Every structure is written in structure tokens, then in C-alpha cells.
Protein chains: 2
Amino acid sequence: MYFPPVEEQILHLKSGVQEIIPEEELRAKLEQAVKTGKPLTVKLGCDPSRPDLHLGHAVVLRKLRQFQDFGHEIVLIVGDFTGMIGDASGRSKMRPALSLEETRRNGETYFQQASKILLPERIKIVYNSQWLGKLSFEDVVRLAGKTTVARMLERDDFAGRYARGDAIGIHEFLYPLAQAQDSVEIKADIELGGTDQKFNLLMGRSVQKSVGQVPQVCITLPILEGLDGAEKMSKSLDNYIGITESSETMYGKILSIPDTLIYRYFELASDEMVNELPALKKLSSEAPRDAKHRLAFSITRLYHGAKQAREASEYFERTVIRKEIPENIPSFRPELEDPVGLLNLLTVSGLTPSNGAARRLVEQGAVSIDGQKVTDSRLTLDISASAPFLIKVGKRRFVRIVR
Amino acid sequence: MYFPPVEEQILHLKSGVQEIIPEEELRAKLEQAVKTGKPLTVKLGCDPSRPDLHLGHAVVLRKLRQFQDFGHEIVLIVGDFTGMIGDASGRSKMRPALSLEETRRNGETYFQQASKILLPERIKIVYNSQWLGKLSFEDVVRLAGKTTVARMLERDDFAGRYARGDAIGIHEFLYPLAQAQDSVEIKADIELGGTDQKFNLLMGRSVQKSVGQVPQVCITLPILEGLDGAEKMSKSLDNYIGITESSETMYGKILSIPDTLIYRYFELASDEMVNELPALKKLSSEAPRDAKHRLAFSITRLYHGAKQAREASEYFERTVIRKEIPENIPSFRPELEDPVGLLNLLTVSGLTPSNGAARRLVEQGAVSIDGQKVTDSRLTLDISASAPFLIKVGKRRFVRIVR
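Residues numbered from 1 in each chain as written. Chains lettered and ligands numbered in written order. Predicted model: local features only at pLDDT ≥ 70, side-chain atom pairs only at ≥ 80, totals over all residues. Heavy atoms only, no water.

### Remarks on the overall build of chain A
1) Next: Helices and strands together make up the secondary structure of chain A, namely 18 helices and 13 strands.
2) Next: Expected size for 403 residues packed as a compact globule is a radius of gyration near 22 Å; at 24 Å, chain A falls within 12% of this value.
3) Next: Oriented by its inertia axes, the alpha-carbon framework of chain A measures out at about 75 × 50 × 40 Å.
4) Next: Looking at chain A as a whole, 53% of its 403 residues qualify as buried.
5) Next: For chain A, the exposed surface amounts to about 18,500 Å²; the carbon and sulfur share of it is 49%.
6) Next: Considering chain A, the positive charge centre built from 55 side chains and the negative charge centre built from 54 side chains are found 2 Å apart. (Helix = DSSP H or I, 4+ residues; strand = E, 2+ residues; numbered from the N terminus. Rg over C-alpha atoms; globule rule 2.2 N^0.38 Å. Buried < 20%, exposed > 50% of the residue type's maximum accessible area, 1.4 Å probe, protein only. Areas by Shrake-Rupley, 256 points an atom, 1.4 Å probe, with all protein chains shown as cover. Lys, Arg positive; Asp, Glu negative; His and termini not counted. Charge placed at Lys NZ, Arg CZ, Asp CG, Glu CD.)

### A few points about the interface of chain B and chain A
1) Next: Between chain B and chain A, the contact holds 33 residues from the first and 33 residues from the second.
2) Next: Buried surface at the junction of chain B and chain A, both sides included, amounts to about 2,900 Å², of which 76% is carbon and sulfur.
3) Next: Ranking the residues of chain B by area buried against chain A places B:Phe137, B:Val149 and B:Ile170 at the top, with a combined share of 27%.
4) Next: Summed over the shared surface of chain B and chain A, the result is 0 salt bridges.
5) Next: For the interface between chain B and chain A, the tally reads 8 residue pairs in polar contact (both at pLDDT 80 or more). (Contact = heavy atoms within 4.5 Å. Buried area = accessible area lost by both parts, 1.4 Å probe. Salt bridge = Lys/Arg side-chain N within 4 Å of Asp/Glu carboxyl O. Polar contact = N/O pair within 3.5 Å; in protein donor to acceptor, adjacent residues only side chain to side chain.)

### Section: the relation of the copies chain B and chain A
1) Next: You can overlay chain B on chain A at an RMSD of 0.2 Å; the transform is a turn of 179 degrees with a shift of 0.0 Å along its axis. The relationship between the two copies is best expressed as a two-fold rotation axis. Nearest to the rotation axis, the C-alpha of B:Ser136 is located 2.2 Å from it, this being the minimum over chain B.
2) Next: The share of interface residues of chain B whose copies in chain A are also at the interface is 100%, consistent with both copies meeting through the same surface. (Least-squares fit on C-alpha atoms with pLDDT ≥ 70 in both.)

### Concerning the sheet that holds strand β9 (residues 367–369) of chain B
1) Next: If you walk across this open sheet you meet the 5 strands as β7-β13-β12-β9-β10 (chain B), and the pairing is mixed. A single partner strand is all that each edge strand has here, and the edge strands are β7 (331–332) and β10 (372–373) of chain B. (Pairing = 2+ DSSP bridges.)

### Points about the pattern of salt bridges
All names here are of chain A.
1) Next: On inspection of all chains with the given rule, the structure shows 46 salt bridges over all chains.
2) Next: With a shortest N-O distance of 3.1 Å, glutamate 191 and lysine 43 are connected by a salt bridge. Taken as a pair, glutamate 191 in strand β5 (residues 190–194) and lysine 43 in strand β2 (residues 41–46) lie far apart in primary sequence, 148 residues in all. Lysine 43 shares its class with glutamate 191; the two are buried.

### Some remarks on helix α2 (residues 23–36) of chain A
Residue and element names in this part refer to chain A.
1) Next: Spanning 14 residues, α2 covers 20 Å between terminal C-alpha atoms, matching the ideal 20 Å at 1.5 Å per step.
2) Next: Buried residues of α2: Leu26, Lys29, Leu30 and Ala33, and no others. Seen from one end, α2 has its buried residues packed into an arc of 100 degrees, which puts them on one side. Away from its buried face, by an angle of more than 90 degrees, α2 presents the exposed residues Glu24 and Lys35.
3) Next: The secondary structure elements touched by the buried residues of α2 are α1 (6–14), β1 (19–21), β5 and β6 (217–221).
4) Next: Glycine 37 occupies a position one or two residues after α2 and carries a positive phi of about 75 degrees. (Expected span 1.5 Å × (residues − 1). Arc of directions from axis to C-beta.)

### A look at the packing of helix α3 (residues 55–69) of chain A against helix α13 (residues 262–269) of chain A
All names here are of chain A.
1) Next: Where α3 contacts α13, the axes come no closer than 9 Å and their chain directions differ by 45 degrees. The angle between α3 and α13 places the two elements in the oblique class. Taking contact as the criterion, the partners of Leu55, Val59 and Arg62 in α3 are, on α13, Tyr265, Leu268 and Ala269.
2) Next: Classifying every residue of the contact of α3 with α13 by side-chain character gives 5 nonpolar, no polar and 1 charged. (Axes fitted to C-alpha atoms, helices over the stretch in contact; angles between N-to-C directions. Parallel < 35°, antiparallel > 145°, perpendicular 65-115°, else oblique. Nonpolar A, V, L, I, M, F, W, Y, C, P; charged D, E, K, R; others polar.)

### Remarks on the pairing of strand β12 (residues 389–393) of chain A
Residue and element names in this part refer to chain A.
1) Next: Across the 5 residues of β12, 4 count as buried, placing the element largely inside the fold.
2) Next: Sheet topology note: the strand β9 (residues 367–369)/β12 ladder contains 3 bridges and is antiparallel. Residue pairing across strands places valine 367 opposite valine 393, the latter belonging to β12.
3) Next: Hairpin connection between β12 and strand β13 (residues 397–401): a loop of 3 residues separates the two successive antiparallel strands, and glycine 394 in this loop has a positive phi of roughly 65 degrees.

### Some points on the packing of aromatic side chains
1) Next: With the rule as written, the count across this model stands at 9 aromatic pairs over all chains.
2) Next: Their ring planes at 90 degrees and their centres at 5.1 Å tell us that B:Tyr315 and B:Phe316 sit as a pair that is edge-to-face.
3) Next: The class for B:Tyr315 is buried, based on a relative accessible area of 9%.
4) Next: Following the ring pairs from residue to residue traces out a cluster consisting of A:Tyr251, A:Tyr315 and A:Phe316.
5) Next: One cation-aromatic arrangement involves A:Arg155 over A:Phe158; the distance from NZ or CZ to the ring centre is 4.1 Å. (Phe/Tyr/Trp six-rings, centres within 6.5 Å; stacked < 30°, edge-to-face > 60°. Lys NZ or Arg CZ within 6 Å of the ring centre and 35° of its normal.)

### Remarks on the pairing of β2(A)
Residues and elements named next belong to chain A.
1) Next: β2 sits mainly inside the fold: 5 of its 6 residues count as buried.
2) Next: Remark: the β2/α3/strand β3 (residues 73–78) crossover connection has right-handed handedness.
3) Next: Direction of pairing for β2 relative to β5: parallel, over a ladder of 2 bridges. Each residue of the ladder has a partner; that of lysine 43, found in β5, is glutamate 191. (Right-handed = clockwise from strand over helix to strand, strands pointing away.)

### Thoughts on unusual backbone geometry
1) Next: Cis geometry is adopted by the peptide bond preceding B:Pro339, which originates at B:Asp338 and carries an omega value of -10 degrees.
2) Next: By secondary structure assignment, the location of B:Pro339 is in the loop between β7 and β8 (340–341).
3) Next: For the bond from B:Ala387 to B:Pro388, the omega torsion is 0 degrees, close enough to zero to count as cis.
4) Next: Considering the arrangement of structural elements, one finds B:Pro388 in the loop between α18 (383–386) and β12 (389–393).
5) Next: For A:Lys187, which is not glycine, the phi dihedral falls at a positive 50 degrees.

### Some remarks on the confidence of the model for chain A
All names here are of chain A.
1) Next: The pLDDT averaged across chain A works out to 87; a share of 94% of its residues lies at or above 70.
2) Next: Within chain A, no element has a lower average pLDDT than helix α4 (residues 80–85), which sits at 77, and none a higher one than β6, at 97.
3) Next: For this predicted complex, the interface confidence reaches an ipTM of 0.72, while the overall pTM sits at 0.74. (pLDDT = per-residue confidence, 0-100.)

### Considerations on the environment of B:Ser284
Residue and element names in this part refer to chain B.
1) Next: Mapped onto the elements, serine 284 comes out in helix α14 (residues 277–286).
2) Next: With 22 residues separating them along the chain, serine 284 and isoleucine 262 place their C-alpha atoms 6.1 Å apart.
3) Next: Contact partners of serine 284, with chain neighbours within four places excluded, come to Ile262, Tyr263, Phe266 and Ala291.

### A closer look at the sheet that holds β9(A)
1) Next: Strand order in the open sheet made by the 5 strands is β7-β13-β12-β9-β10 (chain A), with mixed pairing throughout. Two strands in the sheet have a free side with no partner beyond their single neighbour: β7 (331–332) and β10 (372–373) of chain A.

### As for the packing of helix α7 (residues 137–144) of chain A against helix α10 (residues 174–186) of chain B
When two helices pack together, their arrangement is given by the angle between the helix axes and by the axis-to-axis distance.
1) Next: The geometry of α7(A) relative to α10(B) is characterised by a closest axis approach of 11 Å and an angle of 155 degrees between their N-to-C directions. Comparing the axis directions of α7(A) and α10(B) gives the class roughly antiparallel. Contacts from A:Phe137, A:Val140, A:Val141 and A:Ala144 in α7(A) reach B:Leu174, B:Tyr175 and B:Ala178 in α10(B).
2) Next: Of the residues assigned to the contact of α7(A) with α10(B), the class counts are 7 nonpolar, no polar and no charged.

### Some remarks on the side chain of B:Arg205
All names here are of chain B.
1) Next: Positionally, arginine 205 belongs in helix α11 (residues 198–210).
2) Next: Overall, the relative accessible area of 11% leaves arginine 205 in the buried class.
3) Next: Other than its neighbours up to four places away in sequence, arginine 205 contacts Ile21, Pro22, Glu25, Pro215, Gln216 and Cys218.

### Observations concerning helix α5 (residues 100–114) of chain B
All names here are of chain B.
1) Next: Taking 1.5 Å of rise per residue, the 15 residues of α5 would be expected to cover 21 Å, and the 21 Å separating its terminal C-alpha atoms lies within 8% of that figure.
2) Next: Taken together, the buried positions of α5 are Thr103, Asn106, Gly107, Tyr110, Phe111, Gln113 and Ala114. Buried residues in α5, looked at end-on, bunch into an arc of 165 degrees, giving them a common side. Of the exposed residues in α5, the ones pointing more than 90 degrees away from its buried face are Glu101, Arg105 and Gln112.

Structure follows, in C-alpha cells:
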């Protein structure tokens, strides 16, 4: 196996990451790989309860892709073991237990979506129930003996919850250890994760050491903010751009981000070359509108190719720029079965307070869809076929309906 | 099955206990037993790493015996599961892992010793590895989900160690849950333990509730102080009276307790009747020397019968009282292979600083055994055959050698 020179690998691998713990061990492992011709094993843990990937996930996946490009091996670990347990405390209904079939299906979905970024023929996908499901109580006791309560309570979220007096189930202390065991099982050389995973990544390092393995290098990546510019991108906050969303939706959502995020998205979510970044930083602050279109084009091309990115760009020029519709229009994805009644859609999307009010506005001619006035209050729409489209109510209220 | 009236049972069962949690449930369970003729299941957990029972253990065992006398069923749970794991953190060599054979052998020893107090034909003895060994990681996660970190850190010893910054291994949080699972498995109606076990007993109650069982009543008993009158009786502190020790050793050790302990031993370690206690309290404070002999006789009779208790009493009258040897002579059990050289024995028992000093003292005629002067420094002794005996060095230094 041929690997690029270590310094070249390091230069690219370092770009955009938050921390490499410790960097000298990464260098040593890369040197070893070059010397022996044996690729490194790079681990990523995936949550099978949320198989829909968005640009936030893509930050880590794109770093994994770099490792692939340099000849290393990627192992995606689907955390089906914990997924199948659900909420062990029984206190919350937020985490229903998944069946074996569901976790496999979600794992498959994850793999297919991740294949938009990774080289699919060079991904190894494994389910951790395979080994965690075989651990006995005795094994668990030994694993649990490898760390302490004080150490565990150092983890940011545990520390906060403990300080606030919020309940932390004892089983929650077992999950980081389970993830650490995953590193032992696949003999991970490197593990990647968001900065919020740092503690778990280090736990893997520590448990590997305690069983006599060469410990993994931990690489953390920044957490991408969502469309609101405030919270972390997440499906449950509905501030996300899914990597399987249509080119128009993706393009339109990127146009809706606050100006302060433009450069960050260039850095973490686009495939612009490292040497282009200074110029893009300048553009983002001096001409945010142009920068945003460049960003939208760049990211859309990444997931849909140049042709569709161009078409999306033209669509927005047509509907948004020429007709002077404001750029920062909220997107709304109605959870309704097709076909959807127009009045109902107006109400659930928040444009009108009630179906009665919606009917009056439609009948007064105050409602248009993609610039076409609609006056039939019995109109039904097929969202899966016709979204994205723009609904306007009165002079100033807009919502982009997406699917 | 016939049971004595509930009020009579309660009267005796309450005597000498620290807490009954909650008492009204104990009453209800006893009433249920009388009504249905079905005996209660009374649980005691035993530590198989310390199979040598002493009067401290006997406090709880004697309460169990009362339950047997009232017709209830005793289940001794040998905690071989945790015993076989040893120290999971690997930090300490204090808790070597026991093999299956060792735990079985220790369990057997425990049973035989406990049979000096309990009715052996009505003891059920079970090993918790039987069910705990079958738990999967998933089962452990579910069990661990039944309690919280904050709750666990309320346990006295955890609270103290956490406050002092001493390490608490995560696996230590699993042991109280394992004991709680024991209660679930045998469907315990009542669990007994020392006051230091209160937390674990309550954990059993709580886990039983969470799986829909009628929760056990927890009965705690005071912790008996050892011969020093300060620390809890324990083999490792060498301040104990083993229930299998010879009648002379037992009698002699009881004579060596401080006066402040006399009444407490009457209350917790003898079988004096409840209605005798007030008189014994008076005797203990007014004539401690007489009280101590009565106590020594009473406890020795309990484990060795009246005849041997009388012989022990005569032995002490002969060697101690008539020859005006002080009563509070320290006992020493040398860990030496027979035969033991006299000089060596003098040094290891702390009577002389070195074998050289011992030789000089023997040759000077300053050493006697049971009142007989010894002058041959090459003398060897067979302790297993001849102990207990009294060594005197000079005018004031005494040690009682016991086996």
C-alpha cells in the first residue's frame, strides 16, 4: 500500500480539527504505516437511532474521507447495543428501544448516506452488539473497574447534571465504557468525533492502555452550528441541512443562514481547498450575499454534482433574486400526508392562525404560491411531488415549504 | 406450619436490633405468614472471602436463629460472584480473586460454622454466581438503570471517599445492585445485616419494588466492637473472638475486654434472656470482674456447652486468679509452622526485641511458661498441641499464646 508522505498527510488532517490528542502519536502512527505499508484503523461511532445525516455529521465524515484518500481503513461502529436497550431507567419515553431489525435498517441507511461522502467500497461497518452482547456481568465489572466515579463525573454533561441535582442513572456510566470497549475490539489506531465526544474518545484510549493495546489517537472536530446560527445543528431542533435533501432545498437553506456563519460553513462544510480559505474569509465579510451564493453552490455541488447545483442556483435567481423576495425565508416541512389541503397547510406552517382565517385570506386573493395567486380554498397540494415552493401571504409573510 | 402469635414474634425479633424498615410491613408479613401458614424467606448475604466467623457475625446469625425458631426460612447467600472477581480495578492486591473451588470451600466452612448458631437442617445455602453469572451486559444496564449516581453517593462510605477525593471504581457501584438482584432472585421477605449494610439492604428493597415484587423488610443489627473496645470486631484487626476458637481461648479473650463492653456483649453476644438483662447491667457496672466471668462462661457455654465452659473457667481460676496473674493479658496467635523455636516465638510475639535478647533472657532464667521456668534456649514448642499457654518474661511482661 502506498501512503503520501507523513508531512503531507498531517498538513491536511490537521486542517479544521479542534484537537489531536496527542499529535506526536498521530505522527508516529502515520510513520509506522508508511514504513510497514499497513494502513491505520480509523474508528467512528454512529448512533443508529438517528440515521438521517446532516452537514453536522458531514464535518467528521469528511475528515474520515481524508483518511481514506490517504489509504487508511475506516471502521464505522453502529452503536446498536445501546440502541436496543433504549432508556434503561424507564423514566423517559424519549429513547424507545430499537429492535434488531430497526438497528440493522438504520445502520444500512447510515451507510448509504455516508457513502455520499466516503468511498463505500472501503468502509467496514460493524455492529457493536456483536461483542457487547456477549459480555457477562463479570466482564462488565472488570471493564467498570477501569475507571472511577470522579473521573466519570468530570464529563461536561455529567458534571452539569450532577451539580444541578438532575438524576444520572448508573447505567449511563456504562455507555462510555461500552464505547471504549469498541475501540479495544477493533484495535482502533485513531478515533474521530465531535468535541462533545472528547471524553468518550479519551476513555477508549485509557481502556485500550489498560488491556495492553497501543492507545488510539483522539481527533475531535468542531460542532457545526445549525441554520439559526446559535444551536448545534440537529434534526430535533429543525435547524439542519440533511445530506440527502434535494438540491433546491439544500441551496435555499444555505441562503437562509446568518452572515456570521458563512465562513464557518466554508471551513467545515464545503470542499473548498485550504489555500482558498483566506480569500473566502474576506469575501464572507465584505460581500456576504455573494459569499452565501458561492457557499450554497459549493455545498450543493458536493452532494448533488455541478449540474444540479447550477439548476438550484438558477431556481433561486428566478424565484428569489429577480422577484425581490427576501432571502432569509424560513423553511417548513409539514408532517402531513399527501395530498394536503391548502388551508390546513397555511395554518400548520404558522402563516395563518386558523383554517377559517386562511379561507378568508385565500378568498381575498392575499395568498400566492411561487408567485401565482391562488383563490380556490379547496385546493390540495402534493408536497412530495411539488416542494420546494414558496407561499406568500399578504405582503410580507413567506414560508418555503420543503420536503 | 404453626407460628407463634405475631405480637410474641415481634417482641423477640425487635430485641437488640437497630432498625426495622418499616416495622408495620414486618408486622403485615408476619400476619400473612400466620394466616396462610407459609413461612417468610429471610435473607442473609455472606462474604465468602472471610469464612471465619466471630462474635460480630454471630449478632446477626443469632437474630436469624430467632426467625428459624419462629418457623421461618433462612436463605444464606454466599456472595461468590463478587468474590471470584476480586479487585476489579487491579489497583490493590488486598482482594485476590477466588476460584470456584475456594468459594465453594469457604461457603461450606461458613455453613459449618454458622451451624453452631443456626438449625443446620433448616438453612438453604445458595451461591449468587448461579444467577449473577448469567446476567448479560444488557441485563446489567437495565439493573444499573434502576438507581442514580446521587443515590449511590449517599452511601456513607462512598460519600466519605468521594469527599476525600479517594478513588471509587465504577464497578463498586455495581456490587450493591448485585446484592439487590439477589433479593429479587430469592424473593426475600426480610433481609438482615449490620448497620453498615443498611444502604445495600434498602437497595434490595428498591430494586424489588421496581420489578413488581413486594419489597423486603430491612432489619439492621448493631456492629459489635472488638476486644479493644474501640474498633469493630474484625479478623484483620485481630480484635476478634472466633466462634470456633477453643473454649479456653474464648473464655480468656472475653476476660480481656474492657469493662465498658461487658454489658454490650451480654446484650448482643450472649444468650441471656431478655428479662435478665437489667440485673446484668447492674452487675456489669458494680462488679465488673464477676460480670466478666459470668459473661465469659455464658458465651463459652453457647459455643462449647456447659462442661467445657466450666473447665475453661477452672483453668483461668488456676492460672490467673490463684497465681495473681493480671487478667488483661494480650493473646497472640503465631503464624508459624510447628515446631516453633522458643527464641523465635518470644521475638515474633513481641516479648523480646530480637532472638539474641531472647537467648540472654532465657539463659538468665527470666522466662517461664505456665509458671514453669525454662532455661534451654534451644527448646521447641508444638503450639497446635499445647496452646493456650502463658509466657512470662521478667516480672511484668505476659503473652497468652493461643492457636
